[in-house]
Amino acid sequence: MAGVLARGKITILVGLSLIGLSLALWWFMLSSANRSNTPSSSPNRLSASASPPATWRQRPCPEGAFDSHPADLTCGEWHTSDGRFTLPVVILRYLQNDKQATPLLYLQGGPGAGAGIGDKRSLQRWRDWRDFSGLRRDLILVDRRGTGGSQPRQICEAYERFSREVLGRNLELQQEWREAQQVLDTCLAAAPGFNPADYGTLISAADIQQLGVALGIARWHVLGVSYGSRLALALASAPKAGSETRPAVAAMVLDSVYPPGEGGLIDWPDTLSRALDGFYRACVDDTDCVQAWREQGFSAAIDPSQLQAKLFASLALLRRAPMRVDVQVAGLPRRVVVNDHRLLAAVFAASYHRHRWSDVIRALGAVEQRERAPLARLMQLFVSQALSDSITSFTFMAVDCRDNRLGREQEFEAAVARHPLLVPFLNGMWQGQICQRWPQGAPLELPAPPARVALLAGKFDPITPVAWARELHRHWPASKLTEFGGIGHHVLGSKSCALAQLEEYLSGQRQRFEDCAEHWPAALARLSG
């Protein structure tokens, strides 16, 4: 979902430019405990490796991975049963005497995001995550097809370059879409080895089930975050891996639930509107937001309607008179034109994380006063994440198109008409979507629930709303739903006191997660969320 909508590069997914891509991408962004610059594979590689299909092989771990921990890692690769992909795998071993037998499988968001296992620094972050959570069991991490260090991983340099360079131009949104679509079409024509039918949630679930069989795992706990929660649900319903018995799911933790039947472009107008409305309500109840509002000297007291009015007044002003701010991209300065749709994309991205809500308020004040510094801060946060190489755009698009209902143009246009303030940012989006040309997969279905299921939801989640978790809880009444106040997407990455409950839940010391007050410090939150 996400919820990554972690990342990507301001690529223009499904033919949507900064607002289309940036917002749709952030929909499924990973809010993972780890982000890394995993080396990319060659974009023209057509096969995974010379290894036989359905093969597990150990391989050396990243250089320096054992410097301070000499024996706690097993690194390897899974060669998928269709012979087309090699998936990096890391097992972080727990070596103490109180080790619990059932490992934890972590499923990151995305769907184009890797697990963050490609280098020494990333693996140390996973160790820190494990230690803070008190985990007393092995932790299994996998780069899925087309993500992280998997082979092949299709990258289009022209697409990446366009995503960077377009920031310096003041284009109307629909013109950006058209130019982005041309670049995308050229990329796809030059990538004969890329087949969108090779991707999808059910395909990834089968890969992971087969890996579990090869590792000799009889039971595992599964933690899925954002898109990873959808994959976890598919994992519970996936067919048997060959003739072997698949690993049983002992306990499942779904953080920021993304269930079957939700998402896709057809739902985007309602999702964007709901996300903004949720942000308005959350911000007015947040101490930092309220303080930032007072600092701007706005004439009216903050409430949801005033915040909405201030945002759309700023968008209108930037539509007439864009501002230029300087940000850092890969350590080098880059001038960014901030117009209406780019500001909206940045606001949406910031709505994921509580520690960034007040930055939105200061940026709105900066637009009104024509001050660059606060606006540059908001755009820097957005650009740094959106231009990260942690999401593979082609993979994101292929999975999104395969999983989600396409719908009809009339249905989409009716949804746009329900949100008149958003019409300028939605008109023309349907015509550019690539899903009309790519294959859809079998519908995702809700499986029978495992014996123990914990559902975690932030009450102000803009993109996997709490209503989705409540609906899943209605279907699975024995599950334990906990709604966490004062936060948005990715509970375990937003509240340290929630992550501290993970091992207690897995080991059966507690039957459910409890809401709690502690948030990650801002610096750590940027790493974990």
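Okay, so let's go over this structure. (Residues numbered from 1 in each chain as written. Predicted model: local features only at pLDDT ≥ 70, side-chain atom pairs only at ≥ 80, totals over all residues. Heavy atoms only, no water.)

Side note on the overall build of the protein chain
On a plain count of helices and strands, the protein chain comes out with 20 helices and eleven strands. Burial status across the protein chain gives 61% buried among its 529 residues. Carbon and sulfur atoms form 50% of the exposed surface of the protein chain, whose accessible area is close to 19,100 Å². (Helix = DSSP H or I, 4+ residues; strand = E, 2+ residues; numbered from the N terminus. Buried < 20%, exposed > 50% of the residue type's maximum accessible area, 1.4 Å probe, protein only. Areas by Shrake-Rupley, 256 points an atom, 1.4 Å probe, with all protein chains shown as cover.)

So, the state of the cysteines
Per the counting criterion, the structure on display carries four disulfides. Disulfide partner of Cys283: Cys289, at an S-S distance of 2.1 Å. Disulfide Cys283-Cys289: the torsion about the S-S bond is -105 degrees, which places it as left-handed. Each member of the pair, Cys283 as well as Cys289, is classed as buried. The disulfide partner of Cys401 is Cys435, and the gap between their sulfur atoms is 2.0 Å. With the S-S bond torsion at -80 degrees, the cross-link from Cys401 to Cys435 turns out left-handed. Of the two residues, Cys401 sits in helix α13 (residues 393-403) while Cys435 sits in the loop between α15 (423-426) and β10 (452-458), which places them 34 residues apart along the sequence. We note that Cys401, like Cys435, is buried. (Disulfide = S-S within 2.5 Å.)

Comments concerning the pattern of salt bridges
Pairing is possible between side chains of opposite charge, provided their charged atoms come close. Inspection of the entire model under this criterion finds 27 salt bridges. In this structure, Asp515 engages Lys495 in a salt bridge whose closest nitrogen and oxygen atoms are separated by 3.0 Å. Of this pair, Asp515 sits in the loop between α19 (502-506) and α20 (522-528) while Lys495 sits in the loop between α17 (491-494) and α18 (496-499), placing them 20 residues apart in sequence. Taking the relative accessible area as the measure of exposure, Asp515 reaches 39% and is therefore partly exposed. Looking at Lys495, the relative accessible area reads 3%, which means it is buried. Its salt-bridge partner being Arg510, residue Glu504 comes within 3.0 Å of it at the nearest N-O pair. (Salt bridge = Lys/Arg side-chain N within 4 Å of Asp/Glu carboxyl O.)

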